[in-house]
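Here are the chains, one letter per residue:
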Amino acid sequence: MVKPMEKPAILIAVPGDTSRIPAGLQPLLNGIEEEAIPVQTKVITEADVVTRAYQAALASRLSVGIGFADQRVVIHYKNLKPDRPLFSVVTTSTDQLRRLGANAARLVKGVPFKKIDD
């Protein structure tokens, strides 16, 4: 049986048996949505958040993956070295999360990034 192709989307790696994203990451999703890029979750059980983000980027048809652990958010691109993500940030505000999401989407679109520092 042939598996249908998944639609192009940024993939957010979730570590475990659930495909749910914590409510505290909603601003990240809002930032991606503001840039009109689709997003999906994928369970990736790697222990390291950078590795999860990289595996998500490899699995994404848009070549962008996101991983998270506690307050840390990692944005990775499939053409980067596995241990060298584009962004690895310990977030301090909802606005910073929103800008990280927007930057993940902007990577797909090829437009300049937003400043992520508060």
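Here the residue numbering is sequential within each chain, running from 1 through the sequence in written order. Local features in this predicted model are restricted to residues whose pLDDT is 70 or higher, and side-chain atom pairs enter the listing and the counts only when it is 80 or higher, whereas totals over whole chains, interfaces and linings include all residues. Note: side-chain values were computed over all heavy atoms of the structure, leaving out hydrogens and water.

**What about the environment of Glu46?**
Each helix corresponds to a stretch of at least 4 residues labelled H or I by DSSP, and each strand to a stretch of at least 2 residues labelled E; elements are numbered beginning at the N terminus. As for its placement among the helices and strands, Glu46 is situated in the loop between strand 2 (39–43) and helix 2 (49–59). As for Glu46 and Val14, which are separated by 32 residues in sequence, their C-alpha atoms are 9.6 Å apart. Contacts of Glu46, omitting those with residues within four sequence positions, involve Thr51, Arg52 and Gln55. The contact definition used throughout considers only heavy atoms, calling two residues in contact when any of these lie within 4.5 Å.

**Remarks on helix 1 (residues 26–34)**
By the burial criterion, the buried members of helix 1 are Pro27, Leu28, Leu29, Gly31 and Ile32. Those residues of helix 1 hidden inside the fold are in contact with strand 1 (10–14), strand 2, strand 3 (64–69), strand 4 (72–77) and helix 3 (94–109). Among the residues trailing helix 1, Ala36 stands out with phi positive, at a value near 60°. Only protein chains enter the accessibility calculation, which uses a 1.4 Å probe; a residue is then buried when its area is under 20% of its type maximum, exposed when over 50%, and partly exposed in between.

**Quick notes on the environment of Pro38**
Turning to its location among the elements, Pro38 is positioned in the loop between helix 1 and strand 2. Judged by its relative accessible area of 32%, Pro38 is partly exposed. Sequence spacing of Pro38 and Tyr77 is 39 residues, and the spatial spacing of their C-alpha atoms is 16 Å. For Pro38, the contacting residues outside a window of four places in its chain are Lys7, Pro8, Ala9 and Ile10.

**So, the pairing of strand 3**
Of all 6 residues in strand 3, 5 are buried; the element is thus mostly enclosed. A strand pair is defined by DSSP finding two or more bridges across the two strands. With 2 bridges connecting them, strand 1 and strand 3 associate as parallel partners. Paired with Ile12 across the two strands is Ile66, which belongs to strand 3. In this sheet, strand 4 lies alongside strand 3 in antiparallel orientation, the contact comprising 6 bridges. Within strand 4, the residue paired with Ile66 across the bridge is Ile75. In this structure, the hairpin formed by strand 3 and strand 4 is closed by a connection of 2 residues, where Asp70 is found at a positive phi of approximately 55°.

**Focus: helix 2**
Residue pairs spaced three or four apart in an α-helix point in one direction, given the helix's 3.6 residues per turn. All of the buried residues along helix 2 are Val49, Val50, Arg52, Ala53, Tyr54, Ala56 and Ala57. Buried residues along helix 2 sit in contact with strand 1, strand 3 and strand 4. The opening residue of helix 2 is Asp48, an N-cap whose side-chain oxygen sits 3.3 Å from the backbone nitrogen of Val50. N or O atoms closer than or at 3.5 Å make up a polar contact, with two conditions inside protein: a donor-capable atom paired with an acceptor-capable one, and, for residues adjacent in sequence, both atoms drawn from side chains.

**Focus on the confidence of the model for the protein chain**
The pLDDT averaged across the protein chain works out to 92; a share of 95% of its residues lies at or above 70. The pLDDT score gives, residue by residue, the confidence of the prediction method on a 0 to 100 scale. Model confidence for the protein chain, summarised as mean pLDDT per element, is weakest for strand 2 at 95 and strongest for strand 4 at 98.

**Description of the pattern of salt bridges**
One speaks of a salt bridge when a side-chain nitrogen belonging to Lys or Arg is within 4 Å of a carboxyl oxygen belonging to Asp or Glu. Applying the stated rule across the entire model yields 5 salt bridges. In this structure, the salt-bridge partner of Arg98 is Glu34, at a minimum N-O distance of 3.3 Å. Taken together, the positions of Arg98 in helix 3 and Glu34 in helix 1 put the pair 64 residues apart, joining distant regions of the chain. Its relative accessible area of 45% is what places Glu34 among the partly exposed residues. Across the pair Lys109 and Glu35 runs a salt bridge, and its minimum N-O distance is 2.8 Å. Taken together, the residues span a long stretch of sequence, with Lys109 in helix 3 and Glu35 in the loop between helix 1 and strand 2 at a distance of 74 residues. One continuous salt-bridge network, built from bridges that share partners, spans Glu34, Asp95, Arg98 and Arg99.

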